[in-house]
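Chain by chain, the residues:
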Amino acid sequence: MWNCRWKAFSPFPLEQLAWGYLGDSRSRRVLAYATPWSRLTRQKIDKPENFFHAFPGFITAIGDTPTANTIRCVFQNGAISAVFFDAGDPIPRKVISREVRSEEWDDETLLKARHNLLQECNPNAEYSLAPGLIAGDGYSIGHDDRMKMRHRIIGDGAPTSVQQWLPLRGKALWAADIRSPAFAIKEGKSRKQSKQLWVALQAAGVFAAILVLMQLSVWTLGIVNSFRYNKIAQQNPAVMLVANKQTLANRLIQTSEEELRPFGMLNTINAPRPDSVFFRSAVSRAFNILELEGEAGDVNAVNRYADTLLALPIVRAVENTPRTQRGQTTFQMIVHFNEVPPSPVIAATESTETNEPAE
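My aim in this report is to walk through the structure given alongside it, one point at a time. (Residues numbered from 1 in each chain as written. Predicted model: local features only at pLDDT ≥ 70, side-chain atom pairs only at ≥ 80, totals over all residues. Heavy atoms only, no water.)

Inspection of the secondary structure puts Arg 179 in the loop between helix 3 (171-176) and helix 4 (181-258). On the accessibility criterion, Arg 179 (6% relative accessible area) is buried. A distance of 2.8 Å separates polar atoms of two side chains, one belonging to Arg 179 and the other to Asp 177. (Helix = DSSP H or I, 4+ residues; strand = E, 2+ residues; numbered from the N terminus. Buried < 20%, exposed > 50% of the residue type's maximum accessible area, 1.4 Å probe, protein only. Polar contact = N/O pair within 3.5 Å; in protein donor to acceptor, adjacent residues only side chain to side chain.)

The next subject is helix 5 (residues 262-270). Of all the residues in helix 5, the buried ones are Gly 264, Met 265, Thr 268 and Ile 269. Mapping the buried residues of helix 5 onto a view down its axis gives an arc of 125 degrees, with all of them on the same face. In this structure, the buried residues of helix 5 make contact with strand 10 (277-286), strand 11 (289-296), helix 6 (299-310) and strand 13 (328-337). (Arc of directions from axis to C-beta. Contact = heavy atoms within 4.5 Å.)

Now for the packing of aromatic side chains. Describing an aromatic ring pair means giving the distance of the ring centres and the angle of the ring planes. Counted according to the given criterion, the structure contains four aromatic pairs. Taken together, a centroid distance of 5.3 Å and an interplanar angle of 75 degrees make the contact between Phe 75 and Trp 105 edge-to-face. Highlighted residues: Phe 75 in strand 3 (residues 70-76) and Trp 105 in the loop between strand 5 (94-99) and helix 2 (107-121), separated in sequence by 30 residues. Note on Phe 75: relative accessible area 7%, which makes it buried. Its relative accessible area of 42% is what places Trp 105 among the partly exposed residues. Across from the ring centre of Phe 85, 4.8 Å away, lies the NZ or CZ of Arg 72, which sits over that ring. (Phe/Tyr/Trp six-rings, centres within 6.5 Å; stacked < 30°, edge-to-face > 60°. Lys NZ or Arg CZ within 6 Å of the ring centre and 35° of its normal.)

Next up, the structure:
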């Protein structure tokens, strides 16, 4: 951002001018300004395309719309300007700028230059003078390409820092830029593509960060699970020992409380057994369950025997699995009792006397 002597009319061809304008929907006025490119070159501004935006320095005076006719004095990059505003109009009526020729732009020098400029302008009583001198102190760029201007208010006591958004955006921002409309279109497209690329890179970075976090989570869960599996494997023998002890305890409880009577159960089911069915093994794993394996003459004999057992009042259920292979019938049978049958009673053999005639 710089200041030159801006003129509304110039003898130079349009292509040799750096020009722009300020407009606002709330104003019936448009402020146009221009300066020869050769003048910018003499000020060592020979590559304006390197600037984010190129404005005349007095633009930083616009912002708040004054309620009365006001003159605001602005210093930017070696030039001081008196900006005349009419009441209620955001666009300046006129601007008068002068170069400040000094090796150092200290506050005293700038206030003296302000005094001299006002003497030259000779403002009448219709315009009141805004207090202090607005001195540029840099700028920052917002996410929507708006510009925030930093100022120092010199005079009327200690310098005060002020930040203010430049009230221009979009087409109005490029209209105020002194570079050509063709450059504005080209640069606008380039910035839009750069912004889209930057957003895409940010999204890719966020996605990559999420992937890294997910991978770290997977590794962490793998380590935790491996630790747990190792701990389970170490505790497995002790768990099996406890389980075996619990099984043994349950069986002891059944023996003491339910009185396991395998012979009584075997005696009960053996009584109705036909001769064509015989047992090869009998196992009692609970106080009221008897598991049998045996052979039979045929499948029908096994089925009839199972039906006979199921008809007994003391039998609750019979699981029968017969199978015939190579002319031989075998079966597996599980008999569930409602109650445990009593142990078999072995009767003592009593001697009997016979009265046989003596020989």
